[in-house]
Amino acid sequence: MSDHRTHVQEFFTARAAGWDAKFPDDGPAYAAAVAELGLRAGDRVLDAGCGTGRALTPLRAAVGHTGTVLGADLTAAMLAEAVRAGRDRDGHLLLTDAAALPLRTESLDAVFAAGLIAHLPDPVGNLRELARVVRPGGTLALYHPIGRAALAARQGRRMTPDDLRSETNLGPLLGRSGWRMTSYVDEDERFLVLAVRAG
């Protein structure tokens, strides 16, 4: 296991038990972000880096009982919290690395990824793996419940020009990864980027 994977697992394992309590009011924001994906009944969607599964319930509501909802995370403790919260009833949980998904090529209609991009060791390769499992014309949402400036202030750091999530960096990054960015929103109360899988 790479040092990066080990670091991510250790970081989130130590925080898993209190994660939902730390962010108790994010539910409506997640639901609003999921709504932007434009999912339909019967669609197949992955929550990549699902953590405690806060997006699984709105994803299930969007695709209905005929759809498929998967939640993938690298950290067993986060998935255990998703089960404890009952969110496994809304989606099938996978303990796996988003960099090597155990899914067929072009088997999904969409991917939702909250807070994931900051934890990708190989952003182009990892986003390309997400593109691999999505059909041409399918969608990707990169989301965070607060914007870049608010997040930097919360973490006591400054934003820098090399931030992957800046519009000038993220558009080309998505383009090199098989996606075409269609929308970019970076406000204090949310960060939401939408992209379409290139054909």
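To be clear, the structure that these remarks concern was listed above.
Draft legend 1. Looking closely at the environment of P161. Mapping P161 onto the fold places it in the loop between α7 (148-155) and α8 (167-176). By relative accessible area, P161 is classed as exposed at 78%. Beyond its immediate chain neighbours, meaning those up to four positions away, P161 contacts S166 and N169.

Draft legend 2. Looking closely at the sheet that holds strand β4 (residues 108-114). If you walk across this open sheet you meet the 7 strands as β3-β2-β1-β4-β5-β7-β6, and the pairing is mixed. Every other strand in the sheet has two partners, leaving β3 (92-95) and β6 (179-187) as the edge strands with one partner each. Taken pair by pair, the neighbouring strands of this sheet meet at an average axis angle of 15 degrees, ignoring direction. Examined bridge by bridge, β4 and strand β5 (residues 134-144) share 6 bridges and lie parallel to one another. The partner of A114 across the bridge, within β5, is Y143. Packed on one face of the sheet, helix α4 (residues 56-63) meets β1 (44-48), β2 (68-73), β3 and β4 and runs near 160 degrees to β2.

Draft legend 3. Geometry of the environment of P145. Along the chain, P145 turns up in the loop between β5 and α7. For P145, a relative accessible area of 15% translates into the label buried. Expressed as a C-alpha distance, the spacing of P145 and A29, which sit 116 residues apart in the sequence, is 6.5 Å. The contact partners of P145, leaving out residues within four places of it in the chain, are D26, Y30, E189 and R190.

Thresholds applied
- Residue positions are counted from 1 within each chain, in the order its sequence is given.
- Whole-chain, interface and lining totals are the exception, using all residues; otherwise, since this is a predicted model, local features are given only for residues with pLDDT of at least 70 and side-chain atom pairs are given and counted only at 80 or more.
- The side-chain numbers reported here are obtained from all heavy atoms of the structure, hydrogens and water having been left aside.
- To qualify as a helix, a DSSP run of H or I must reach at least 4 residues; to qualify as a strand, a run of E must reach at least 2; elements of each kind are numbered from the N terminus.
- Relative accessibility decides the category of a residue: with a 1.4 Å probe and only protein chains considered, values under 20% of the type maximum give buried, values over 50% give exposed, and everything between is partly exposed.
- By definition in these notes, contact holds between two residues if any of their heavy atoms fall within 4.5 Å.
- When DSSP finds at least two bridges between two strands, those strands are taken to pair.
- Here, axes are lines fitted to C-alpha atoms. For helices the fit covers the stretch in contact, and angles between N-to-C directions go from 0 to 180 degrees.

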